Amino acid sequence: MTEPPAPWAQASLDDADAFDFSLPQATATEASPHNLGRLYQDELTSSPDERSEPRARVLATLAAALQMHDRLNLPKDPYGAMMQMGDRRTAIPSDWKGESISVLERLGCRATNPVIRARLCDIAWFLQRNLVQTGHQAAAAYLATARGLCDGMIADATDGQVPGVWILTLQKALRRGLQICMQLRPADPELGELEAFIFDAADQFEAKGNPRALLAMLTLAYDFELGDPAAYAGRIEQAATQQGEGGPHITTDALVLAAKAWRRAKDTDGHDRCMMQASEAMVAHANSINQAFSASHFLQEAINLLRGLRSPAAKDRKRDLRIDLIRMQAAAEDEMGVFEHPADLTKLIEWTTEHTNGVTLLDGLFLLAAINRPKSISDLTTEARRNIVDHPLTAMFGVQQHDADGYVRFRAPGASPGQESPEALEHQIAKQEEIHRQVVVEGQIKIVIRNLASHFPISEGDILPLCRESPFVPTDLSRTYARGLTAFFHGDMTTALSILTPLLEASLVYVLKGHDVDVVRHDEEAGTQEDMTITQLFKNLRKELDDIFGDAITGDIDRVFLARSGPCLRHAVAHGTMHDQTPYMPDAIYACWLILHLCLLPLFDRYKQLRVGTDSQEPAAEDGVSVSDAAGEI
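Residues numbered from 1 in each chain as written. Predicted model: local features only at pLDDT ≥ 70, side-chain atom pairs only at ≥ 80, totals over all residues. Heavy atoms only, no water.

Engineer: I tried to follow the pattern of salt bridges on my own but got confused; where do I start?
Structural biologist: Close approach of charged atoms allows side chains with opposite charge to pair. A complete count under the given rule lists 26 salt bridges for this structure. We note a salt bridge from Lys 172 to Asp 70, for which the minimum N-O separation is 3.4 Å. On the criterion of sequence distance, the pair formed by Lys 172 in helix H7 (residues 165–183) and Asp 70 in strand E1 (residues 69–70) is long-range, its members being 102 residues apart. Note on Lys 172: relative accessible area 34%, which makes it partly exposed. Classification of Asp 70 by relative accessible area gives partly exposed; the value is 23%. The partner of Arg 559 in a salt bridge is Asp 556, with the nearest N and O atoms 3.5 Å apart. Of the two residues, Arg 559 and Asp 556 both sit in helix H25 (residues 551–562), three residues apart, roughly one turn of that helix. For the pair shown, Arg 559 and Asp 556 are each scored as buried. Salt bridges linked by common partners bring Asp 203, Glu 206 and Arg 235 together as one network. (Salt bridge = Lys/Arg side-chain N within 4 Å of Asp/Glu carboxyl O. Helix = DSSP H or I, 4+ residues; strand = E, 2+ residues; numbered from the N terminus. Buried < 20%, exposed > 50% of the residue type's maximum accessible area, 1.4 Å probe, protein only.)

Structure below.
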């Protein structure tokens, strides 16, 4: 069944031929595609009863095509929906098919405003690449748009509200024109004309003392490898130092661009000089901020700009900045605060309490081990993407996680729907899993442990038989495991976490060896051999771990014990970086529960069989067998 065309793709060729471009009059001199689209949209909505008329159909086409979101950083997919809400969205190029592409081409050829002509011919050529002449017309129209902006024949109405926005409009027009030329064969004459215009405009802007516009032109020259970089690298460097009102970020970006141009020109001294200046601009900005937390971020950026520089001056400066960064991060601790969002777990606690009343110790232990099931990576990723769609504002900003000393532990860029980086997804998953762990610990794990502790004097003798039977526990570590788990049930979390965390590594090695997986690391220089650490296991043998445990469990171990985006408990325990409260936090309690879960997981089938036999002999569950007797039968 053929889908009906989108409302903005219903105009016919006859409609296009009859359309009068002279109305509304404001469209004749407007340089912003979005503003033009809004003008046509306003005319369309002002006469709702005439939307089926030929002019209304063309107005809908023009409004939709001109108001698409431009993504010029993706030259192979330059336009997308301006807005998307659920299954509804605004226009995208693929909405125009068949005759509607010819309508765009016809309207583009007839348009008097070069901005309209450029956008419509661009979309028509983008959708149908055999329209080579239309592509040349689009590139020529973008050049005409740039000339009109410089000559004052057209103007961006937004410039009155945001001074200087016309420079961005100018740069976008030239950039898209160059992108089209790079995909046309042949690219001339438009490519040569665009290149000549860019350098002529750069000369004019330099003569008028407009460094921002000069940088916009020379940025295009660098991005598209136009001209000799040695001829304009110095001009970029000079313009960067004149960017007084632009702020430190614009100055730094311009200096980095100049450094790249010097490097392309094979001038190492020029490259290093500009990178040093860019670093000092970030240092000056950091020193101007009264908040140590924010200032440390920009000081780290200054250090990053010096990476790769081999001159003695750069190395000395990098060392000094690292010392300053450590001091500033230490001061940032006083600025850290706590954000709380209360959640009512009453119903969950009541449900857990109801299901733990009257159980035997054996039933309680297995109930506790089964109280939660880790989610698979695919489910967590799907949930993270859904959160990004549902809460775009909270996801669009980059994040930076600091440890207790103020050191940066993890960074992730912002994310938007459909454009998530692996780091952004990792942060989203870590954030939602942190909340999940808190709910499980406060609403279920603590409730079960409290109930068992109030009815049974749990000792190592109760836990040891299960540890001896578990294939997850190395045979020579069953008593140590029992001691750590007993401390967990007694609430001695410092002992529990300190014992169980290193044992997790031993168990993973033990299980892998049992599956004939080589876990030995060879040190060729020293001529020695040793088992891989848990970090090396997850780096080199992740597939084998997933095959044995499943990606849900290995992912949970990674997020709780290893990943820098999470609590990273293995590092904290191994290197003594945790504080006195760490073992009593929800993440640490969940970590100990996870190890209990791994210990009892292989015993669940035999436990079920045992319970069937026990229930048939002893109907009263509270009078069931002891853990020792049950483990013996297991």
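Engineer: In this structure, what is going on with a nonpolar patch on the surface? I would like to understand it.
Structural biologist: Residues Met 82, Met 83 and Met 85 make up a contiguous nonpolar surface patch of roughly 330 Å² in combined accessible area. As for its position among the elements, Met 85 is in strand E3 (residues 84–85). (Patch = residues over 30% accessible without salt bridge, like charges linked within 9 Å, V, L, I, M, F, W, Y side chains within 5 Å. Areas by Shrake-Rupley, 256 points an atom, 1.4 Å probe, with all protein chains shown as cover.)

Engineer: What is the right way to look at empty space enclosed by the protein in this model?
Structural biologist: Picture a little ball the size of a water molecule; that probe, rolled over the atoms, points out where space is still empty. For the structure on display, the rule yields two cavities of 30 Å³ or more. Its boundaries defined by the atoms lining it, the largest cavity holds a volume of some 60 Å³. Listing elements by their share of the lining of the largest cavity, those giving two or more residues are helix H20 (460–469), helix H21 (478–490) and helix H27 (586–600). Looking at the lining of the largest cavity residue by residue, the classes come out as nine nonpolar, one polar and no charged. Of the voids in this model, the second largest cavity is the one considered here, and its volume is about 40 Å³. What lines the second largest cavity is Thr 394, Ala 395, Phe 397, Val 399, Ala 412, Pro 413, Ala 424, His 427 and Gln 428. Breaking the lining of the second largest cavity down by element, the ones donating at least two residues are helix H18 (392–395) and helix H19 (422–455). Among the elements that line the lining of the second largest cavity, the one with the most residues is H19, at three residues. Of the residues in the lining of the second largest cavity, the class split is six nonpolar, three polar and no charged. (1 Å grid on protein atoms, 1.4 Å probe; cavity = no way out; pocket = protein on both sides within 12 Å on 5 of 7 lines; lining within 4 Å. Points joined across faces, edges and corners; volume = space filled by probe spheres on them. Nonpolar A, V, L, I, M, F, W, Y, C, P; charged D, E, K, R; others polar.)

Engineer: How should unusual backbone geometry be read in this particular structure?
Structural biologist: Glycine aside, negative phi is the norm for most residues, and most peptide bonds take the trans geometry. The omega torsion of the bond from Arg 185 to Pro 186 falls at 5°, within 30 degrees of zero and hence cis. A positive phi angle, near 55°, is found at Cys 568, a position not held by glycine. You can see Cys 568 is positioned in the loop between H25 and helix H26 (569–574).

Engineer: Before we go on, may I ask you to explain the packing of aromatic side chains in this structure?
Structural biologist: For any pair of aromatic rings, geometry is given as the distance between the ring centres together with the angle between the planes. Overall, the coordinates contain nine aromatic pairs when judged by the stated rule. A centroid spacing of 6.3 Å and a plane angle of 40° characterise the contact between Phe 199 and Tyr 232, whose relative ring orientation is tilted. One end of the pair, Phe 199, is in helix H8 (residues 190–207); the other, Tyr 232, is in helix H10 (residues 229–241), and 33 residues separate them in sequence. The residues Phe 199 and Tyr 232 share a single accessibility class, namely buried. Between Phe 366 and Phe 604, the aromatic rings sit 5.1 Å apart at their centres with planes inclined by 90°, giving edge-to-face as the arrangement. Of this pair, Phe 366 sits in helix H16 (residues 361–369) while Phe 604 sits in helix H28 (residues 604–617), placing them 238 residues apart in sequence. Of the two residues, Phe 366 and Phe 604, both sit in the buried class. An aromatic cluster is defined as three or more aromatic residues linked by ring pairs; in this entry it consists of Phe 19, Phe 21 and Tyr 40. Positioned over the ring face of Trp 125 is Arg 129, at 4.3 Å from the centre of the ring. Against the face of Tyr 222 rests Arg 264, its NZ or CZ located 3.9 Å from the ring centre. (Phe/Tyr/Trp six-rings, centres within 6.5 Å; stacked < 30°, edge-to-face > 60°. Lys NZ or Arg CZ within 6 Å of the ring centre and 35° of its normal.)

Engineer: Whenever I open this one, H16 confuses me. Can you help?
Structural biologist: Turn by turn, an α-helix covers 3.6 residues, leaving residues three or four places apart pointing in a common direction. Burial of H16 is extensive: eight of the nine residues sit out of reach of the surface. Listing the buried residues of H16 in full gives Leu 361, Leu 362, Asp 363, Gly 364, Leu 365, Phe 366, Leu 368 and Ala 369.

Engineer: Quick question: what am I supposed to make of the packing of helix H22 (residues 493–514) against helix H24 (residues 542–549) here?
Structural biologist: Contact geometry for H22 and H24: axes closest at 11 Å, N-to-C directions at 85°. What the angle tells us is that H22 and H24 run roughly perpendicular. On H24, the residues touching Leu 508, Val 511 and Leu 512 of H22 are Glu 544, Leu 545, Ile 548 and Phe 549. In terms of residue class, the contact of H22 with H24 is built from six nonpolar, no polar and one charged. (Axes fitted to C-alpha atoms, helices over the stretch in contact; angles between N-to-C directions. Parallel < 35°, antiparallel > 145°, perpendicular 65-115°, else oblique. Contact = heavy atoms within 4.5 Å.)

Engineer: Would you explain the confidence of the model for the protein in this entry?
Structural biologist: Residues shown with low pLDDT carry predicted positions that ought not to be read at fine detail. Chain-level pLDDT for the protein is 86 on average; 91% of the residues reach the 70-or-more range. Within the protein, the element-level pLDDT minimum falls on helix H29 (residues 627–633), averaging 44, and the maximum on helix H5 (residues 114–127), averaging 96. Between residues 616–634, whose pLDDT stays under 50, and residues either more than four places distant or in other chains, the model counts 30 contacts. (pLDDT = per-residue confidence, 0-100.)

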